[in-house]
Amino acid sequence: MEKDLLTLLRKGGLHLYARHGTATVGVDQAYGTFHSCRYQRNLSEHGRREAVYYGQMLRYWQIPILSPITASPFCRTKETTLLAFPTNGVQIDPFLFEIFMLGGNLTSAEQTSILTTLTSKLEIKPSQGMNNVMIGHSFPRDVGLGILSNMGTVVIKPKGPGRGYDIVKKLTLEDLATLDSI
């Protein structure tokens, strides 16, 4: 299966939704601002190494990536993106903050709205021969793409607008190192 996955990744046309690297302990302050990292959990030193390694593995396997990389507005997601893809640029997508909010106290209607928007984004096929990378947050258990480990990635194959998407594989950071040998 993994060799087939590597072939698919090299062919392009997929979304790679990844959770940011390991963050510091604490809680994001509700009244903080995205422009000040002071009010947020930020990448730990370990998280910074994870982010660099993530980008190195995608380049090592020659997986084509679209520029810019889409990231949540949190400092930890932006820093993850810059460390993993230093030459690709970062495009902030405020919607990825809504993914973060799925872990809060939302109404069923609010949660459904976020997941419907997510589906519409994941149905869109990336440019021919390229993969789209999004650096965001984990989901709650049994919601959306589910729980993701730090730098865990969900490989998603879009079916086109209104047709949904398939989850091809969930990968841990460690899985990236062994794509050709499993």
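Below: a short report on this structure. All values derive from a computational prediction rather than experimental measurement.

Let's talk about the overall build of the chain
Working step 1: Scanning the chain for helices and strands turns up 6 helices and 6 strands.
Working step 2: Going from N to C terminus, the chain has its helices and strands arranged as α-β-α-β-α-β-α-α-β-β-β-α.
Working step 3: Taking 2.2 N^0.38 as the reference for a compact globule, 182 residues should give roughly 16 Å; the C-alpha atoms of the chain span a radius of gyration of 16 Å, in line with that estimate.
Working step 4: The buried share among the 182 residues of the chain stands at 46%.
Working step 5: Contacts in the chain between residues far apart in sequence, at least 24 positions, make up 66% of those at least 6 positions apart.
Working step 6: For the chain, the accessible surface area stands at approximately 9200 Å², while carbon and sulfur atoms represent 54% of it.
Working step 7: Distance between charge centroids for the chain: 3 Å, based on 19 positive and 15 negative side chains.

Comments concerning the sheet that holds strand S5 (residues 153-158)
Working step 1: One open sheet accounts for 6 strands, arranged S3-S2-S4-S1-S5-S6; its pairing is mixed. Looking at strand neighbours, the two that pair on one side only are strand S3 (90-92) and strand S6 (165-171), the edges of this open sheet. Pairs of neighbouring strands in the sheet enclose a mean axial angle of 25°, with direction left out of account.
Working step 2: Pairing of strand S2 (residues 69-71) with strand S4 (residues 132-136), which is carried by 2 bridges, proceeds in the parallel orientation. Paired with Thr 70 across the two strands is Met 134, which belongs to S4.

Re a positive patch on the surface
Working step 1: Residues Lys 11, Lys 125, Lys 157 and Arg 163 make up a contiguous surface patch of positive charge.
Working step 2: By secondary structure assignment, the location of Lys 11 is in helix H1 (residues 2-11).

Quick look at unusual backbone geometry
Glycine aside, residues mostly have negative phi angles, and peptide bonds mostly take the trans form.
Working step 1: Cis geometry is found at the peptide bond from Ser 67 to Pro 68, where omega equals -5°.
Working step 2: Looking at where Pro 68 falls in the secondary structure, it is placed in the loop between helix H2 (45-60) and S2.
Working step 3: Of note in this structure, Met 151 is not a glycine but carries a positive phi near 65°.
Working step 4: Locating Met 151 in the fold gives a position in the loop between S4 and S5.

Criteria and thresholds
Residues numbered from 1 in each chain as written. Predicted model: local features only at pLDDT ≥ 70, side-chain atom pairs only at ≥ 80, totals over all residues. Heavy atoms only, no water. Helix = DSSP H or I, 4+ residues; strand = E, 2+ residues; numbered from the N terminus. Rg over C-alpha atoms; globule rule 2.2 N^0.38 Å. Buried < 20%, exposed > 50% of the residue type's maximum accessible area, 1.4 Å probe, protein only. Contact = heavy atoms within 4.5 Å. Areas by Shrake-Rupley, 256 points an atom, 1.4 Å probe, with all protein chains shown as cover. Lys, Arg positive; Asp, Glu negative; His and termini not counted. Charge placed at Lys NZ, Arg CZ, Asp CG, Glu CD. Pairing = 2+ DSSP bridges. Axes fitted to C-alpha atoms, helices over the stretch in contact; angles between N-to-C directions. Patch = residues over 30% accessible without salt bridge, like charges linked within 9 Å, V, L, I, M, F, W, Y side chains within 5 Å. Salt bridge = Lys/Arg side-chain N within 4 Å of Asp/Glu carboxyl O.

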